[in-house]
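Below, each chain spelled out in residue letters.
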Amino acid sequence: MKRAKPYKLAKEPGTPKAPRVRKPRAKKNANASVVRPFALTAIAMLGIAGMVVGVGALESRAGQYRRHARPSVVFDWPVRVDPATGESQHLIPDSIRASIVADAERALGPEVEPFALAPLMRLGLHLEASGWFDGVPRVRRGAGAEFIITGTWRAHAAVVRYRDADHLVSVDGYPMPVVYGPEHRSTTLKAIVNPRFGPPRSSSGGVDYTRSWEGADVKAALGLLALLRGEAFWGQVAAIDVDGFERTRTLTIITDRGTRIGWGGPVGEFAPGQTPEASRLAMLRFFFERQGVRHIDGGMESYDLWDRTMRIERGS
């Protein structure tokens, strides 16, 4: 006879299972997650500080070097190439170049603050007003305490003789900082004589090199010199006389012999009743090339090119 199995109670619907009990894990060190970012930040800051200190030390050493070195000015001088030898020749004489450098270094002063812009601006303004450049030249720092100057140099054309002093002027009529006294007059520069006005003046009374020479007479003389410069007889032209130009509108050529040739009105200006410019030039060439004469004055004390009647005064 089989034994009866014990009776088991059925589980009630919806009765939850008993939860599993898990063993607690060991807690991590809470301080480690906080210390690590701070350590990385500190290392980065120390690296940046080291870089700043290094750059500061370099600037300090460079500044000390430049501060103790006397400033020097280096110019890109205008030159011309000799077609015969191929060598470069300075257009500005040695003595004048030395004077330009000395003036520029005085404008800078004996010491210049390193990395400062003020010295560059001060030197640029000085050179702009010096009369040697058209516009403001470029000033940049070179090695050590060098200041390198580049720009457009003014080209001289003639001298304007005013009150017995010869003032050098550029091709467009701006005065330049060179003046010759009667005992030092240049024998190669053409002169413009008897101008109506003197050189332009600044508020302090000095020559203002940033303004062109006042009056139409000097400009007209420069225009005539520019026309004659390329001619074979250029060496026989000594000066242009502008006396009374405002009244008569005529110019007179003075030759190397002191003889006078009435040219007439300004170049390019229509003047009723005057001989055309091409005819006037042709007459000068004729006398210069004429056998036995070889001079633009034609062997005469004076004559007028512009007058169609060719008024001539023969020498005795």
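Everything here concerns the structure above.
Residues numbered from 1 in each chain as written. Predicted model: local features only at pLDDT ≥ 70, side-chain atom pairs only at ≥ 80, totals over all residues. Heavy atoms only, no water.

Trainee: Looking at this structure, how should I read the overall build of the protein chain?
Mentor: When helices and strands are counted, the protein chain shows six helices and 14 strands. For the protein chain, buried positions account for 35% of its 316 residues. Once local pairs closer than 6 in sequence are excluded, the contacts in the protein chain between residues at least 24 apart make up 50%. Within the structure as shown, the protein chain displays about 20,800 Å² of accessible surface, and the carbon and sulfur contribution to it stands at 56%. (Helix = DSSP H or I, 4+ residues; strand = E, 2+ residues; numbered from the N terminus. Buried < 20%, exposed > 50% of the residue type's maximum accessible area, 1.4 Å probe, protein only. Contact = heavy atoms within 4.5 Å. Areas by Shrake-Rupley, 256 points an atom, 1.4 Å probe, with all protein chains shown as cover.)

Trainee: What should I look at first to understand helix α6 (residues 277-289) in this one?
Mentor: In an α-helix there are 3.6 residues to a turn, and that puts residues three or four apart on one side. Along its 13 residues, α6 runs 18 Å from first to last C-alpha, staying within 8% of the 18 Å computed at 1.5 Å per residue. Taken together, the buried positions of α6 are occupied by Arg-280, Leu-281, Leu-284 and Phe-287. Buried positions in α6, seen along its axis, are confined to an arc of 125° and lie on one side of it. In α6, the exposed positions angled more than 90 degrees off the buried face are occupied by Ala-278 and Glu-289. (Expected span 1.5 Å × (residues − 1). Arc of directions from axis to C-beta.)

Trainee: Could you clarify how one ought to interpret the packing of aromatic side chains in this entry?
Mentor: Within a pair of aromatic rings, the relevant descriptors are the distance that separates the centres and the angle that separates the planes. Within the structure shown, the criterion is met by seven aromatic pairs. Pairing Phe-75 with Trp-153 gives two aromatic rings, centres 6.0 Å apart and planes at 55°, and the pair type is tilted. Taken as a pair, Phe-75 in strand β1 (residues 72-75) and Trp-153 in the loop between β5 (146-150) and β6 (156-162) lie far apart in primary sequence, 78 residues in all. Take Phe-75 and Trp-153: they sit in the same class, and that class is buried. An angle of 65° between the planes, with centres 5.5 Å apart, marks the rings of Phe-287 and Tyr-303 as edge-to-face. Taken together, the residues Phe-287 in helix α6 and Tyr-303 in strand β13 (residues 302-304) connect sequence positions 16 residues apart. Judged on exposure class, the residue Phe-287 and its partner Tyr-303 are both buried. Through a chain of ring-to-ring contacts, the aromatic side chains of Phe-75, Trp-77, Phe-133 and Trp-153 assemble into a single cluster. Above the plane of the ring of Trp-77 lies Arg-97, whose end atom (NZ or CZ) is 5.8 Å from the centre. (Phe/Tyr/Trp six-rings, centres within 6.5 Å; stacked < 30°, edge-to-face > 60°. Lys NZ or Arg CZ within 6 Å of the ring centre and 35° of its normal.)

Trainee: What is the right way to read helix α3 (residues 118-128) from this model?
Mentor: Within α3 the residues assigned to the buried category are Pro-119, Leu-120, Leu-123, Gly-124 and Leu-127. With its buried residues spanning 130° around the axis, α3 presents them on a single face. Turned more than 90 degrees away from the buried face of α3 sit Met-121 and Leu-125, all of them exposed. Residues of α3 that are buried sit in contact with β1, α2 (94-108), β4 (138-141) and β5.

Trainee: Would you take a moment to explain the nonpolar core for this structure?
Mentor: General note: in soluble globular proteins, nonpolar side chains tend to be found buried as a group. In this structure, Ile-192, Leu-228, Ile-240, Ile-253 and Leu-284 are the most contacted members of the largest nonpolar core, which totals 30 residues. Only β6, α4 (216-228), β10 (237-241), β11 (251-255), β12 (260-264) and α6 provide two or more residues apiece to this core. Top contributing element to this core by residue count: α4, with seven residues. Those residues within four positions of Leu-228 in sequence are excluded, and the remaining contacts are Phe-233, Trp-234, Val-237, Ile-253, Leu-281 and Leu-284. One finds Leu-127, Val-159, Ala-191 and Val-193 within the second-largest nonpolar core, a separate group that totals 26 residues. (Core = buried A, V, L, I, M, F, W, Y, C linked by side-chain atoms within 4.5 Å.)

Trainee: Quick question: what am I supposed to make of the packing of α2 against α3 here?
Mentor: In helix packing, the relevant descriptors are the interaxial angle and the interaxial distance, both defined with respect to the helix axes. It is the contact of α2 with α3, at a shortest axis distance of 9 Å, that shows an interaxial angle of 140°. Classified by the interaxial angle, the pair formed by α2 and α3 is oblique. The chirality of how α2 crosses α3 is right-handed. Touching Asp-103, Ala-104, Ala-107 and Leu-108 of α2 are Pro-119, Arg-122, Leu-123, His-126 and Leu-127, all from α3. Of the residues that constitute the contact of α2 with α3, the class distribution is six nonpolar, one polar and two charged. (Axes fitted to C-alpha atoms, helices over the stretch in contact; angles between N-to-C directions. Parallel < 35°, antiparallel > 145°, perpendicular 65-115°, else oblique. Left-handed = near helix turned anticlockwise from the far one by under 90°. Nonpolar A, V, L, I, M, F, W, Y, C, P; charged D, E, K, R; others polar.)

Trainee: What exactly am I supposed to notice about the sheet that holds β4 here?
Mentor: Two modes of strand pairing occur in sheets, parallel and antiparallel, and in both the strands are linked by backbone hydrogen bonds. Spatially, three strands are ordered β1-β5-β4 in an open sheet, and the strand pairing comes out mixed. The strands lining the two open edges of the sheet, one partner per strand, are β1 and β4. Between one strand axis and the next, the sheet turns through 25° on average, direction left out of account. As judged from the four bridges shared by β1 and β5, these two strands associate in the parallel manner. Residue pairing for β5: Ser-72 is matched across the bridge by Glu-146. The strands that α3 touches are β1, β4 and β5; relative to β4, the one it contacts most, it runs at about 150°. (Pairing = 2+ DSSP bridges.)

Trainee: Explanation requested: the pairing of β6 in the structure shown.
Mentor: The side chains of a regular strand alternate between the sheet's two faces. Bridging between β6 and strand β7 (residues 165-170) involves six bridges; their strand directions are antiparallel. Bridging across to β7, Tyr-162 finds its partner in Ala-165. Across three bridges, the pairing between β6 and strand β9 (residues 191-193) is parallel. Following the sheet pairing, Val-159 is matched in β9 by Ala-191.

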